[in-house]
Amino acid sequence: MTVESTAARKSRNSGAGTKRATAKKAPEKTPAKKAAAKSTARKAAQHDAPPHDAPQHDPELVQLLTPEGKRVEHPEFSIDLTPDELRGLYRDMVMARRFDAEAVTLQRQGELGLWPSLLGQEAAQIGSGRALRDDDYIFPTYREHGVAWCRGVPPENLLGMFRGVNNGGWDPNSNNFHLYTIVIGSQALHATGYAMGVAKDGADSAVIAYFGDGASSQGDVAESFTFSAVYNAPVVFFCQNNQWAISEPTEKQTRVPLYQRARGYGFPGVRVDGNDVLACLAVTRAALERARSGEGPMLVEAFTYRMGAHTTSDDPTKYRRDEERAAWEAKDPIQRLRTYMESEKIADAGFFAALDEEKEALGRRVREAVRSMTDPDPMSIFENVYADGSALVDEERAQFAAYQASFADSPAAGEVK
Amino acid sequence: MAAQKLPIAKAINESLRKALETDPKVLVMGEDVGKLGGVFRVTDGLQKDFGEDRVIDTPLAESGIVGTAIGLALRGYRPVVEIQFDGFVFPAYDQIVTQLAKMHARALGKVKMPVVIRIPYGGGIGAVEHHSESPEALFAHVAGLKVISPSTSADAYWMMQQAIQSDDPVIFFEPKRRYWDKGEVDTDAIPGPLHAARTVRPGSDLTLVAYGPMVKVCLEAAAAAQEEGKSVEVIDLRSMSPIDFDTVQSSVERTGRLVVVHEAPVFYGSGAEIAARITERCFYHLEAPVLRVGGYHSPYPPARVEEEYLPGLDRVLDAVDRSLAY
């Protein structure tokens, strides 16, 4: 049994404990809470600070690598990685960021209709993504480009829907990475149902559902908490709290820290420094392990920041201050790992130079792939509407084909003159 | 089992039982479907025989029921979910329309969604509000969904078998006021196509098209009309999406007159679609405009006046008379 899973179990049995960061609002000391506070419950599940607390000063935030790049220990969650693994995580984050930057550029050049940037959330996505086993199943939002990278989903696959050549378009089962889900929070239920199926099959795979702080307000997320708890489904809810749901700050979604929501459903919740790839990896591993061993769901709130706009159509200057972004820049997930690796001599200049070349090659490959994507055949509108076919679709397809064919013998409009 | 006389509710029960027996991936899910056997007892005894893992009492959350069924289908299961009453489906509407209906197309055919959603629907049972509605058009309007409703015990049994075997999501509307009507079910029969309409009474002067609970009303109307010397053909549509327009067309080409009957409001109802398509297909055969009989553009009324709102024998005959008067 790992340290992590033991911790997770403990907190599950003692979720009612209260440990205030400030004395401003004294907790009501009910007997139940007193009893729970005496237990050895993980403190992480008992924190009541407002959601915008700076993460590095937050005693309840699981952190293994400080923004300054110093390795620190956490009493419940630990990790021991080889230099190779550390370089691998660094590479993943750099590649994810480079891919994302290329997509933003492609949108600006008119090659994509829209792009939701992951900038700033690389650690949350790579840390959680690298915690997964091949047989685990991922239910992403539309921003999980880093997780997709970890799964080996070809990056250009993700761009089809944003270019407008398909509405998803990949086979979820080839990488156990479900289609991007745009309607907020819906996929949490799909993940829960899938996890119920895993449990029925007697498999020890786990399922992870990604969503954001905004989605935490959706009924589907609440219902997925209920169903997963009732059926003890092996699902990890990975909430990237990036502080902003387009223009609405987390305070417009919740009056308690999001990870505490789990307590009311009967499973543990943990807040992790979402810009610390080591902590995200350690906590997600523990949560997945817990799910695998039949202990049910867990909520991980990765406390991070959306450095860019919500999407390329958004203008964050309308609703947030530059200083806020600047403060988070100092907590950059990639820089802190680089500082640590350099100070520990885990990577040398040659490593970083080679990676620079590799990431630029990725950028070129993605650019080429997008530009060479062809528009779908108009007749494909009628494809895959039904698995078993439909007389109605057949009829309309034939009508459309006849209409198209009616142009065949007449000269094209431009040739008339 | 072969042929026997069963009420519609029991025919569905037998069909679910058969599916649970033959395919280990079939699951039955819903509120109160387990110990209670559903509020209409359609799933009576299934949990006792197949266990809580396959006949699943769910939390009271319709979106959760359909959303988790989608996840189970992705995992290879074939869930049959029950929405307890027609008026309770709307919390699940987003999952049905946005997720379930579109998943196959979004994955370019790589994913199938064999989910059946059973909905007892329609009025005439003196229920409180939200228990008597007919929302089929709201689902038929959505590409990716198949929408069907049986009117007999044999169809209830076989259409459920076919719905469960379908790799597409099927909204299965059960005519709740006919649950206890008995009919012959031959479980050894070879069923016809799921989406084919059926002529249930031949006639030559006018065509009545109906489905679900209204088929019985239309048959009674046709019998009454016969006494007055009018020969009325009755077609049980069976499937509201897709619609077997060919069968309706060939009937109207003979009779020249069409009246569509459903409990759902006439405005934007399936009768509107049938009228438009048949007018297009049979323009030169029509002796009268296509008429519709159905509910009004009002909330479903309180039970004490629902008989005025629902198409009954007299309202159908009134439409028949109006059509023949042209």
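Residues numbered from 1 in each chain as written. Chains lettered and ligands numbered in written order. Predicted model: local features only at pLDDT ≥ 70, side-chain atom pairs only at ≥ 80, totals over all residues.

Our focus in this paragraph is the overall build of chain B. The secondary structure content of chain B amounts to 12 helices and 14 strands. Here the C-alpha radius of gyration of chain B, 19 Å, is about what a compact globule of 326 residues would show, namely 20 Å. Once the C-alpha set of chain B is aligned to its principal axes, its extents read approximately 60 × 40 × 40 Å. Each of the 326 residues in chain B was classed as buried or not, and the buried ones make up 58%. Sequence separation of 24 or more characterises 80% of the internal contacts of chain B that already satisfy a separation of 6 or more. (Helix = DSSP H or I, 4+ residues; strand = E, 2+ residues; numbered from the N terminus. Rg over C-alpha atoms; globule rule 2.2 N^0.38 Å. Buried ≥ 20, exposed ≤ 12 C-beta atoms within 10 Å, placed from the backbone. Contact = placed C-beta atoms within 7 Å.)

Right, let's get into the interface of chain B and chain A. Contacts between the two partners involve 35 residues from chain B, matched on the other side by 34 residues from chain A. Elements supplying a minimum of two residues to the side of chain B that touches chain A: α3 (62-74), α4 (93-100) and α5 (103-106) of chain B. The element best represented in the side of chain B that touches chain A is α3(B), accounting for 9 residues. The residue inventory of the side of chain B that touches chain A, partitioned by class, reads 13 nonpolar, 14 polar and 8 charged. (Nonpolar A, V, L, I, M, F, W, Y, C, P; charged D, E, K, R; others polar.)

Right, let's get into the pairing of strand β10 (residues 206-210) of chain B. Residues and elements named next belong to chain B. Among the 5 residues of β10, 5 are classified as buried, and the element is accordingly described as predominantly covered. Burial of the side chains of β10 extends over both faces: L206, L208 and A210 are buried on one face and T207 and V209 on the other. Pairing geometry for β10 and strand β11 (residues 232-236), over 5 bridges, is parallel. Residue V209 lies in a different strand from β11, and its bridge partner there is I235. For the crossover from β10 across helix α8 (residues 214-227) to β11, the handedness is right-handed. In this sheet, strand β13 (residues 258-265) lies alongside β10 in parallel orientation, the contact comprising 3 bridges. (Pairing = 2+ DSSP bridges. Right-handed = clockwise from strand over helix to strand, strands pointing away.)

Once that is clear, we can look at the domain arrangement of chain A. You'll often see interface size given as the accessible area lost when the parts meet. For chain A, the domain assignment lists domain 1 (42-371) and domain 2 (378-410). Using only C-alpha atoms to locate each centre, domain 1 of chain A and domain 2 of chain A end up separated by 41 Å. (Domains from an automatic or database assignment.)

The subject of this paragraph is the environment of G160(A). All names here are of chain A. Considering the arrangement of structural elements, one finds G160 in helix α6 (residues 155-163). Given 20 C-beta atoms within 10 Å, G160 falls into the buried group. Expressed as a C-alpha distance, the spacing of G160 and M373, which sit 213 residues apart in the sequence, is 7.9 Å. With residues near it in sequence (within four places) discarded, G160 still touches V165, N166, G169 and M373.

All names here are of chain B. The mixed open sheet is built from 7 strands, whose spatial order is β3-β2-β4-β5-β7-β6-β12. Of all strands in the sheet, those bounded by a partner on one side alone are β3 (55-57) and β12 (239-241). Across the sheet, the axes of successive neighbouring strands diverge by a mean angle of 20 degrees, strand direction being ignored. By the bridge criterion, 2 bridges tie strand β6 (residues 146-148) to β12 in an arrangement that is antiparallel. Residue V147 lies in a different strand from β12, and its bridge partner there is S241. (Axes fitted to C-alpha atoms, helices over the stretch in contact; angles between N-to-C directions.)

Turning our eyes to something else, we now look at the packing of helix α9 (residues 245-255) of chain B against helix α10 (residues 270-281) of chain B. All names here are of chain B. Close contact between α9 and α10 brings their axes to 10 Å; oriented N to C, the two are set at 55 degrees. In terms of orientation, α9 and α10 fall into the oblique class. The two elements α9 and α10 cross, and the hand of that crossing is right-handed. The segment α9 lies against α10, with F245, V248, Q249 and V252 engaging I274, R277, I278 and R281. Of the residues assigned to the contact of α9 with α10, the class counts are 5 nonpolar, 1 polar and 2 charged. (Parallel < 35°, antiparallel > 145°, perpendicular 65-115°, else oblique. Left-handed = near helix turned anticlockwise from the far one by under 90°.)

Let us now look at the packing of helix α3 (residues 83-108) of chain A against helix α13 (residues 333-343) of chain A. Residues and elements named next belong to chain A. In the contact formed by α3 and α13, the axes pass within 10 Å of each other and the chain directions differ by 150 degrees. Regarding the angle of α3 to α13, the classification is roughly antiparallel. α13 is crossed by α3, and the crossing has left-handed handedness. Between α3, through L86, L89, Y90, M93, V94 and R97, and α13, the contact on the second element is made entirely by P333, I334, L337, R338 and M341. The residue inventory of the contact of α3 with α13, partitioned by class, reads 9 nonpolar, no polar and 2 charged.

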